[in-house]
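Notes for the structure review
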Amino acid sequence: MNRGPATTFEPGVEAAPVIAIDGPAASGKGTIAQGVAAALGYRYLDSGSLYRLVALQASRQKVSFDDEPRLAALADGLELSFADGRTFLSGQDVSEAIRTEEVSALASKVAVLPRVRTALLTRQRAFRAPPGLVAEGRDMGTVVFPDARLKIYLTASAEARASRRYKQLIDKGNSITIQGLLRDIRERDARDSARAEAPLKTAADAVVLDTTDMTADAAVAYVLQQYQTLSAAGSTGGRERSKKA
Ligand code: DC
């Protein structure tokens, strides 16, 4: 595995540049990462969907969420594919099934298990291919792609994130309360940040971007501008730190 800088890369899977976007639940990672990937013509990895797929499969197969060896084997053997923005498990479209609040909570539980995380590492790195990859999750910049050319850490207040998630779920016809969502988000934040293995934390060389009062378009533009500045300067990685409130 090439962990060196990805500036002067030969065409090849290992050397393609990566933009790593990490942050807590509902911080806008998905929308922002997809916008950046589309603008650059890069591939896109939603790493959270892998944890969600493991959770969904485990729940369907009634595997205990304490049975780490079985969950890791399940993660290893997942038959998954992505096409046209849809997610498939063993050929079945599970795009909606993996987004329920129940699967969100279960995904956060499987994500604490080191053997599950290890099983998913190779799969995540396999997404890296020319012309480049935008990868979003919790540990893209810290563990999976430590040599990412640009690392962004997104934040937003828990209230702003609960309100965004509320709008998404209500638009899809779910009956849900904002208080319940806020509680779920806080619980998930605590679990994602407190776990021993690859906890949610800011990479030392990440650019921190607070999206509480920012539109998604403005955040995409900001990330693209950071990336262009780095690329123009021929920088060797996301070493530059800045803070945008
Ligand atoms: O981003 P998301 O909400 O779809 O992620 C689902 C769960 O997976 C979430 O609880 C955190 C976990 N996760 C993780 O531990 N590491 C990642 N790289 C991505 C997600």
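Look a little higher up for the structure.
To start, this report covers the structure provided alongside it. On a predicted model such as this, the values are computed, not experimentally measured, just so you know.

A few words now on the packing of aromatic side chains. On inspection of all chains with the given rule, the structure shows two aromatic pairs. Aromatic pair tyrosine 42 and tyrosine 227: ring centres 6.1 Å apart, planes at 85°, arrangement edge-to-face. On the criterion of sequence distance, the pair formed by tyrosine 42 in the loop between α1 (29–40) and β2 (43–46) and tyrosine 227 in helix α9 (residues 216–233) is long-range, its members being 185 residues apart. For the pair tyrosine 42 and tyrosine 227, a shared accessibility class is recorded, and that class is buried.

A few words now on the site of the ligand. Around the ligand sit 17 residues, and of these Arg52, Arg117, Arg138, Asp139 and Arg195 come closest. At 3.0 Å from a nitrogen atom of the ligand is found a side-chain nitrogen or oxygen belonging to serine 47. Here an oxygen atom of the ligand sits 2.8 Å away from a polar atom, N or O, in the side chain of arginine 117. For the shell around the ligand, the elements supplying multiple residues, two or more each, are α2 (47–60), α4 (101–110) and α8 (178–194). Top contributing element to the shell around the ligand by residue count: α2, with four residues. A breakdown of the residues in the shell around the ligand according to their chemical character gives four nonpolar, four polar and nine charged.

For the rest of this paragraph, the subject is the pattern of salt bridges. Following the criterion strictly, the structure yields 12 salt bridges and no others. Across the salt bridge formed by arginine 138 and aspartate 192, the nearest N and O atoms sit 3.4 Å from each other. One end of the pair, arginine 138, is in the loop between β6 (133–137) and α6 (140–144); the other, aspartate 192, is in helix α8, with 54 residues separating them in the sequence. Each of Arg86, Asp93 and Glu96 takes part in salt bridges that share partners, so that together they form one network.

Right, let's talk about the nonpolar core for a bit. Formed by 24 residues in total, the largest nonpolar core has its most connected members in Tyr51, Leu53, Val54, Leu71, Val116 and Leu120. At seven residues, the largest contribution of residues to this core is made by α2. Leave out the neighbours within four places in its chain, and valine 116 touches Tyr51, Val54, Leu71, Ala72, Ala75 and Val110.

The rules behind each value
- Residues numbered from 1 in each chain as written.
- Predicted model: local features only at pLDDT ≥ 70, side-chain atom pairs only at ≥ 80, totals over all residues.
- Heavy atoms only, no water.
- Phe/Tyr/Trp six-rings, centres within 6.5 Å; stacked < 30°, edge-to-face > 60°.
- Helix = DSSP H or I, 4+ residues; strand = E, 2+ residues; numbered from the N terminus.
- Buried < 20%, exposed > 50% of the residue type's maximum accessible area, 1.4 Å probe, protein only.
- Near = heavy atom within 4 Å.
- Polar contact = N/O pair within 3.5 Å; in protein donor to acceptor, adjacent residues only side chain to side chain.
- Nonpolar A, V, L, I, M, F, W, Y, C, P; charged D, E, K, R; others polar.
- Salt bridge = Lys/Arg side-chain N within 4 Å of Asp/Glu carboxyl O.
- Core = buried A, V, L, I, M, F, W, Y, C linked by side-chain atoms within 4.5 Å.
- Contact = heavy atoms within 4.5 Å.

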